[in-house]
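Chain by chain, the residues run as shown.
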Amino acid sequence: QVQLVESGGGLVQPGGSLRLSCAASGFTFSIYGMRWYRQAPGKERDLVASITSAGSSTNYADSVKGRFTISRDNAKNTVYLQMNSLKPEDTAVYYCNAYYYVRNYWGQGTQVTVSS
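Note that this is a predicted model, so its numbers are computed, not measured.

A word on the nonpolar core. If you look at the biggest cluster of nonpolar residues, it comprises 27 residues, and the most contacted ones within it are W36, L81, M83 and Y94. Going through the elements one at a time, β3 (18-25), β4 (33-39), β5 (45-51), β7 (68-73), β8 (78-83), β9 (92-100) and β11 (110-114) are the ones with two or more residues in this core. Contact partners of Y94, with chain neighbours within four places excluded, come to E6, L20, W36, Y37, R38, V48, F68, L81, M83, G109, T110 and V112.

Turning next to the sheet that holds β8. Hydrogen bonding along the main chain pairs the strands of a sheet, whether they run parallel or antiparallel. A sheet is described by the order of its strands in space; here 4 strands give the open sequence β1-β3-β8-β7, paired in antiparallel fashion. With partners counted over all chains shown, the strands left at the sheet margins are β1 (3-7) and β7, one partner each. Direction aside, the axes of adjacent strands within the sheet are offset by 15° on average. Here 6 bridges tie β3 to β8, and the two strands are oriented antiparallel to one another. Bridge pairing links R19 to Q82 in β8.

Here we come to the state of the cysteines. Using the criterion set out here, one finds 1 disulfide in the structure. Each sulfur of the disulfide joining C22 and C96 lies 1.9 Å from the other. Negative torsions about the S-S bond denote left-handed disulfides, and the value of about 40° found for C22 with C96 makes this one right-handed. Here C22 is found in strand β3, whereas its partner C96 is found in strand β9, with 74 residues between them in sequence.

Moving on, we get to the side chain of T78. Relative to the assigned elements, T78 resides in strand β8. Here T78 falls in the buried class, since its relative accessible area comes to 9%. Here the side chain of T78 touches K76 through a polar contact of 2.8 Å, landing on its backbone oxygen. With near-sequence residues (within four places) excluded, T78 lies in contact with S21, C22, A23, F29, R72 and D73.

A word on the packing of aromatic side chains. Tallied over the full model, the rule gives 7 aromatic pairs. An angle of 85° between the planes, with centres 4.8 Å apart, marks the rings of Y100 and Y101 as edge-to-face. Each residue in the set F27, F29, Y32, Y100, Y101 and Y105 is aromatic and connected to the rest through ring pairs, giving one cluster. Cation over ring: R45 sits above W106, and NZ or CZ is 4.8 Å from the ring centre. The positively charged end of R72 is found above the aromatic ring belonging to F29, 4.4 Å away from the centroid.

Conventions used here
Residues numbered from 1 in each chain as written. Predicted model: local features only at pLDDT ≥ 70, side-chain atom pairs only at ≥ 80, totals over all residues. Heavy atoms only, no water. Core = buried A, V, L, I, M, F, W, Y, C linked by side-chain atoms within 4.5 Å. Buried < 20%, exposed > 50% of the residue type's maximum accessible area, 1.4 Å probe, protein only. Helix = DSSP H or I, 4+ residues; strand = E, 2+ residues; numbered from the N terminus. Contact = heavy atoms within 4.5 Å. Pairing = 2+ DSSP bridges. Axes fitted to C-alpha atoms, helices over the stretch in contact; angles between N-to-C directions. Disulfide = S-S within 2.5 Å. Polar contact = N/O pair within 3.5 Å; in protein donor to acceptor, adjacent residues only side chain to side chain. Phe/Tyr/Trp six-rings, centres within 6.5 Å; stacked < 30°, edge-to-face > 60°. Lys NZ or Arg CZ within 6 Å of the ring centre and 35° of its normal.

Geometric values such as these leave the question of function open.
Right, dumping it as structure tokens:
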């Protein structure tokens, strides 16, 4: 059974940091590329960051470049999103996504709220 379980969300003040984790099971994690998406209320789900299967290449949305870092640990079947200098506009539900050719798996999401 394929599972992606996100954790680490919560309420944080502007300028603060959070580290999201996504634990994978039920598939060969090390061959899948991984992405983090986010969806704010009333908006579309947007790609935030991606990382290749071996972790050798990463990409970021312009809105998070220099503040967010995606990483993975294939030994732990986990992908991370380190979020620094958080802004109110980063408030959203964050989802992890695993992709391999036409295969696509999603987690249930974790809420991140940036507010004073």
